Amino acid sequence: MHWQCRHQRLTIGAEPLIMGILNVTPDSFSDGGRFVSVEAALARGREMLAAGAHIIDIGGESTRPGAQPVEADAECRRVLPVIEALAAETGAVISVDTMKSVVAREAIRCGAVIVNDVSGMLADPGMAAVVRETGAGVVLMHMPGNPQTMQAHAHYGSVVDDVALWLASRLSDALASGIAAEAIAMDPGIGFGKTTDHNLHLIAQLDWLAELGRPIMVGVSRKRFIGELSGVDVADQRLAGSLAALTCAVLHGASILRVHDVAESRQASLVAAALRKRVHGGAGGRHA
Ligand code: HH2
């Protein structure tokens, strides 16, 4: 399978793609405030590429529960200089984490090739046109409501069925608006309007989402459910738990992994992907 992101054709195959997180925000839950200057953000981007990241996801608005929205102008001022400089210097595959079509269009002009929209293109009616016209790749993520309200929406019949149905409907709307199937990736939105139990169900039954026929991305890195399960309050001390969740996600079909800790996640993902091949009867067979 391929993920076509403008001129970049990413292979979705044996090796999961690692998307390194670069939040140019003062308030993100884990790395907020650390990379607000262009120089610090660039240095972090270079560091993640050297550690083996395939994609750098640059965001200028925190989506943690209860985070305050940011105006488009301010979001552009945060992300555009970093995208432009990193794209020019490294030629890296860059994704912009935004729900605003204006920010997405400008980010693509500056060199981004993927729009990571945590609202599944529902927040801004102009988003689908930007994706279609530019040929950018797009991540359609499940989030009920918005970051201010999503935890109040953490009620499902069956979380896996409900998220799969929601994503299927976002996928068919995207196709109906003229976006190519090859440009689309899907994400269950771990931690977005979900309890720990919901997150566990989604990760352990990710295979159902793979039935949609598009690459599955997951973001478990350092999230609150890892802290709840392990009793670790400090987000950047949740690496081991994050790798456990990431391994399970890969075993169940995740092929794009949004992470803070690139080298460690890449190592875990390569081992998990090799195991996945054996679990599902790939090369070598049962007794090899
Ligand atoms: N999680 C976050 C942000 N964007 N995008 C996708 N596709 N999937 C995710 O799971 C996802 C995402 C939240 O994490 P982070 O960016 O580290 O924090 P914040 O939103 O506070 O900036």
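Residues numbered from 1 in each chain as written. Predicted model: local features only at pLDDT ≥ 70, side-chain atom pairs only at ≥ 80, totals over all residues. Heavy atoms only, no water.

1. Here's the deal with the overall build of the protein chain
1) Next: In terms of regular secondary structure, the protein chain is built from 10 helices and 10 strands.
2) Next: Relative to its length of 288 residues, the protein chain is compact, with a C-alpha radius of gyration of 18 Å against a globular reference of 19 Å.
3) Next: Its C-alpha atoms give the protein chain principal-axis dimensions of about 55 × 40 × 40 Å.
4) Next: By residue count, 53% of the 288 residues in the protein chain fall in the buried class.
5) Next: When the accessible area of the protein chain is evaluated, it comes to approximately 11800 Å², of which 55% is carbon and sulfur surface.
6) Next: Positive and negative side-chain charges in the protein chain, numbering 25 and 30 respectively, have mean positions lying 4 Å apart. (Helix = DSSP H or I, 4+ residues; strand = E, 2+ residues; numbered from the N terminus. Rg over C-alpha atoms; globule rule 2.2 N^0.38 Å. Buried < 20%, exposed > 50% of the residue type's maximum accessible area, 1.4 Å probe, protein only. Areas by Shrake-Rupley, 256 points an atom, 1.4 Å probe, with all protein chains shown as cover. Lys, Arg positive; Asp, Glu negative; His and termini not counted. Charge placed at Lys NZ, Arg CZ, Asp CG, Glu CD.)

2. Details of the pairing of strand 4 (residues 55-59)
1) Next: Summarising burial for strand 4: five of the five residues are buried, a large majority.
2) Next: Side chains of strand 4 alternate between two faces, with Ile55, Asp57 and Gly59 and Ile56 and Ile58 buried alike.
3) Next: This β-α-β element, strand 3 (residues 17-23) to helix 1 (residues 38-50) to strand 4, shows right-handed connectivity.
4) Next: Summarising the sheet, strand 4 and strand 5 (residues 93-97) pair through five bridges and their orientation is parallel. What sits directly across from Ile55, in strand 5, is Val93.
5) Next: Each parallel crossover has a hand, and the one from strand 4 via helix 2 (residues 72-90) to strand 5 is right-handed. (Right-handed = clockwise from strand over helix to strand, strands pointing away. Pairing = 2+ DSSP bridges.)

3. What to know about the side chain of Ser255
1) Next: Take Ser255: it is sitting in the loop between helix 9 (239-251) and strand 10 (256-259).
2) Next: If sequence neighbours within four positions are ignored, Ser255 has contacts with Ile12, Pro16, Leu17, Pro215 and Ile216. (Contact = heavy atoms within 4.5 Å.)

4. Describing the nonpolar core
Considering soluble globular proteins, one finds that nonpolar side chains tend to be buried as a cluster.
1) Next: One finds Ile58, Ile83, Val115 and Met121 to be the most contacted residues of the largest nonpolar core, which totals 70 residues.
2) Next: Here this core takes eight residues from helix 5 (residues 159-176), the largest share from any one element.
3) Next: Setting aside residues no more than four positions away along its own chain, Met121 makes contact with Met127, Ala128, Val131, Val138, Leu140, Arg170, Ala174 and Ile179.
4) Next: Core analysis: the next-biggest nonpolar cluster, separate from the first, contains 14 residues, Trp3, Ile55, Val139 and Ala185 among them. (Core = buried A, V, L, I, M, F, W, Y, C linked by side-chain atoms within 4.5 Å.)

5. Some points on the packing of helix 9 against helix 10 (residues 262-279)
1) Next: Between helix 9 and helix 10, the least distance of the axes is 8 Å, while the angle of their chain directions is 30 degrees. Relative to helix 10, the element helix 9 is oriented roughly parallel. Of the two possible hands of crossing, helix 9 and helix 10 adopt the one that is right-handed. Side by side, helix 9 and helix 10 meet where Leu239, Leu243, Leu246, Thr247, Val250 and Leu251 of the first sit next to Glu264, Ser265, Ala268, Ser269, Ala272, Ala273, Leu275, Arg276 and Val279 of the second. (Axes fitted to C-alpha atoms, helices over the stretch in contact; angles between N-to-C directions. Parallel < 35°, antiparallel > 145°, perpendicular 65-115°, else oblique. Left-handed = near helix turned anticlockwise from the far one by under 90°.)

6. Examining the environment of Val262
1) Next: Note on placement: Val262 falls in helix 10.
2) Next: Judged by relative accessible area, Val262 falls into the buried class, the value being 4%.
3) Next: Setting aside anything within four residues of it in sequence, one finds Val262 in contact with Ile18, Gly20, Met48, Ala51, Gly52 and Ala53.

7. Some thoughts on the site of the ligand
1) Next: The environment of the ligand is formed by 18 residues, the closest being Ser28, Ser62, Thr63, Asp187 and Lys223.
2) Next: Between the ligand and Asn116, the relevant distance is 2.8 Å, taken from a nitrogen atom to a side-chain nitrogen or oxygen of the residue.
3) Next: With respect to the ligand, the side chain of Asp187 contributes an N or O atom lying 2.7 Å from a nitrogen atom.
4) Next: Relative to its unbound accessible surface of 480 Å², the ligand loses 98% to contact with the protein.
5) Next: Considered class by class, the residues forming the shell around the ligand number six nonpolar, seven polar and five charged. (Near = heavy atom within 4 Å. Polar contact = N/O pair within 3.5 Å; in protein donor to acceptor, adjacent residues only side chain to side chain. Nonpolar A, V, L, I, M, F, W, Y, C, P; charged D, E, K, R; others polar.)

8. Here's the deal with helix 2
1) Next: For helix 2, with 19 residues, the first-to-last C-alpha span of 26 Å sits near the 27 Å given by 1.5 Å per residue.
2) Next: Largest kink in helix 2: about 30 degrees, centred on Val79, with the proline Pro81 one to four residues after it.
3) Next: Listed in full, the buried residues belonging to helix 2 are Glu75, Cys76, Val79, Leu80, Val82, Ile83, Leu86 and Ala87.
4) Next: Where helix 2 is buried, its residues meet strand 3, helix 1, strand 4, strand 5 and helix 3 (101-109).
5) Next: At the C-terminal side of helix 2, Gly91 shows a positive phi close to 65 degrees. (Expected span 1.5 Å × (residues − 1). Bend = angle between axes of the 7 residues up to and from the residue.)

By themselves, these observations are geometric and do not establish any function.
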